[in-house]
Amino acid sequence: MATIPDVAARETPRWRRYLELTKPKVVALITFTALVGTLLACPGAPPLAPLVFGNLGIALAAACAATINHVLDRRLDAQMARTRARPLPAGALTERAALAFAAVLGVAAMTVLAFLVNLLTALLTFCSLIGYAVVYTVWLKRATSQNIVIGGAAGAAPPVLGWAAVTNSVDPNALLLFLIIFVWTPPHFWALAIARRDEYARAGIPMLPVTHGVEYTRLQVLLYTVLLVVVTLLPYVTRLSGLVYLAAALVLNAGFLYYALALKISARKELPMRVFRFSVNYLMWLVAALLADHYLHV
């Protein structure tokens, strides 16, 4: 007998089922960080083609990777409360349909990037897609408790891709943006992993709270947050940004440190998800501050 989430998933309009496969909120954040890379690569307004087609291609590639992730994780998703209503485990879409959709997105992304932007951006985006959709999902996620740390490289790539779309090169400043997101990823995701520890344990996924315990993971969240504070000051030190960014970074880092310390010393059940939600807003406001600083020239 079908469960309520299964019935609801099947009654959802077909186009929305495909949209859900792309993880639109994640794609929006990825595209936003790529857009920031595109804009920071130029002293003024960037050329129209890299701005439009570069970020469109990156968004399509991210949607493709998310769809492949849904296919590869369909059995795992069926075992976890927060994911069992997704289109594939709920039976709202078939695996074949999802793979065909992913293929269309992937071909469209590479075509746009290779022919309307540049080959370097297409190659880097393809490597990022494979890194997340295959290397992380198929191997790292199930192989080591450091899956998020190692796999975070794929998720940190968008600013580099956006920068390459304009300059056709890999710039040190773009790598600095990569480093910020790379260091941000573990405390962001481990907070969620603490909240969902029992689900990951039942599914046999070796997330850090499962393999090393919640207390150890709380300590790692705090340590990575301290490292993040240091790393996020580097754009000001290297003169990529100015006082507007510095002021925003100090305020945001104070907030992240507060939440990380609270998570370390308190066992309140709601704290992990509060840290997780704050971390998403933290990254959005941080990169927005970089962008504002770039144009205000303070």
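Details of the structure are given in the entry above.
Being a predicted model, the structure only gives us computed values, none of them experimental.

Criteria and cut-off values
Residues numbered from 1 in each chain as written. Predicted model: local features only at pLDDT ≥ 70, side-chain atom pairs only at ≥ 80, totals over all residues. Heavy atoms only, no water. Helix = DSSP H or I, 4+ residues; strand = E, 2+ residues; numbered from the N terminus. Rg over C-alpha atoms; globule rule 2.2 N^0.38 Å. Buried < 20%, exposed > 50% of the residue type's maximum accessible area, 1.4 Å probe, protein only. Areas by Shrake-Rupley, 256 points an atom, 1.4 Å probe, with all protein chains shown as cover. 1 Å grid on protein atoms, 1.4 Å probe; cavity = no way out; pocket = protein on both sides within 12 Å on 5 of 7 lines; lining within 4 Å. Points joined across faces, edges and corners; volume = space filled by probe spheres on them. Nonpolar A, V, L, I, M, F, W, Y, C, P; charged D, E, K, R; others polar. Phe/Tyr/Trp six-rings, centres within 6.5 Å; stacked < 30°, edge-to-face > 60°. Axes fitted to C-alpha atoms, helices over the stretch in contact; angles between N-to-C directions. Parallel < 35°, antiparallel > 145°, perpendicular 65-115°, else oblique. Left-handed = near helix turned anticlockwise from the far one by under 90°. Contact = heavy atoms within 4.5 Å. Salt bridge = Lys/Arg side-chain N within 4 Å of Asp/Glu carboxyl O. Expected span 1.5 Å × (residues − 1).

Looking now at the overall build of the chain. Secondary structure summary: the chain contains 16 helices and zero strands in total. Here the C-alpha radius of gyration of the chain, 19 Å, is about what a compact globule of 298 residues would show, namely 19 Å. Once the C-alpha set of the chain is aligned to its principal axes, its extents read approximately 60 × 50 × 30 Å. Relative to its 298 residues, the chain shows a buried fraction of 52%. A total of about 13,600 Å² of accessible surface is found on the chain, and carbon and sulfur atoms cover 69% of it.

The subject of this paragraph is empty space enclosed by the protein. Using the criterion set out here, one finds one cavity of 30 Å³ or more in the structure. In this structure, the largest cavity spans a volume of roughly 60 Å³. Put simply, the parts of the chain that give the lining of the largest cavity at least two residues each are helix H3 (24–40), helix H10 (172–195) and helix H16 (271–296). A per-class count over the lining of the largest cavity returns nine nonpolar, one polar and no charged.

Our next topic: the packing of aromatic side chains. Throughout the structure, instances matching the rule amount to nine aromatic pairs. Measuring from ring centre to ring centre gives 5.8 Å for Tyr 132 and Tyr 136, while their planes differ by 15 degrees; the resulting arrangement is stacked. Residue Tyr 132 and its partner Tyr 136 are both found in helix H7 (residues 119–143); the two are separated by four residues, about one turn of the helix. Owing to a relative accessible area of 7%, Tyr 136 belongs among the buried residues under this scheme. Both rings, one in Tyr 258 and one in Tyr 259, keep their centres 5.5 Å apart while their planes meet at 75 degrees; by these two values the pair is edge-to-face. Grouped by ring-pair contacts, the aromatic residues Phe 256, Tyr 258, Tyr 259, Phe 278 and Tyr 282 constitute a single cluster.

The next point concerns the packing of H3 against H16. In contact at an axis separation of 10 Å, H3 and H16 are set at 20 degrees when each is read in the N-to-C sense. Classified by the interaxial angle, the pair formed by H3 and H16 is roughly parallel. Read as a crossing pair, H3 and H16 show a hand that is left-handed. In this structure, H3 contributes Leu 29, Phe 32, Thr 33, Val 36, Leu 39 and Leu 40 to the contact, and H16 contributes Leu 283, Met 284, Val 287, Ala 288, Leu 290, Leu 291, His 294 and Tyr 295. Along the lines of polarity and charge, the residues of the contact of H3 with H16 split into twelve nonpolar, two polar and no charged.

To continue, consider the layout of surface pockets. Roughly 1,600 Å³ of volume is contained in the largest pocket. Of all the secondary structure elements, the ones that give two or more residues to the lining of the largest pocket are H3, helix H4 (48–72), helix H5 (74–78), H7, helix H8 (147–155), helix H9 (158–167), H10 and H16. Of the residues that constitute the lining of the largest pocket, the class distribution is 29 nonpolar, twelve polar and nine charged. When its volume is computed, the second largest pocket comes out at roughly 170 Å³. Take the lining of the second largest pocket: its biggest share by element is four residues, from helix H2 (residues 14–21). When the residues that make up the lining of the second largest pocket are grouped by side-chain class, the tally is six nonpolar, one polar and three charged.

Our focus in this paragraph is unusual backbone geometry. For Asn 168, which is not a glycine, the phi torsion comes out positive at approximately 60 degrees. Residue placement: Asn 168 occurs in the loop between H9 and H10. Judged by its relative accessible area of 44%, Asn 168 is partly exposed. Even without a glycine there, the phi angle at Arg 239 is positive, about 70 degrees. Along the chain, Arg 239 falls in the loop between helix H14 (234–237) and helix H15 (243–265).

With that out of the way, let us pick up the side chain of His 70. Turning to its location among the elements, His 70 is positioned in helix H4. His 70 has contacts with Glu 20, Leu 21, Lys 23, Asp 77, Arg 86 and Leu 88, leaving out every residue within four places of it along the chain.

Enumeration according to the criterion identifies six salt bridges in this entry. When the shortest N-O distance is used, the salt bridge between Glu 215 and Arg 218 registers 2.6 Å. Here Arg 218 and Glu 215 lie together in helix H13 (residues 214–232), a separation of three residues that amounts to about one turn. What makes Arg 218 buried here is its relative accessible area of 8%. Of the charged contacts in the structure, one is a salt bridge between Glu 270 and Arg 268, with a shortest N-O distance of 2.7 Å.

Right, let's talk about H16 for a bit. Over its 26 residues, H16 runs 36 Å from end to end, which matches the ideal 38 Å to within 8%, given 1.5 Å per residue. A positive backbone phi angle near 55 degrees is found at His 297, which sits one or two residues after H16.

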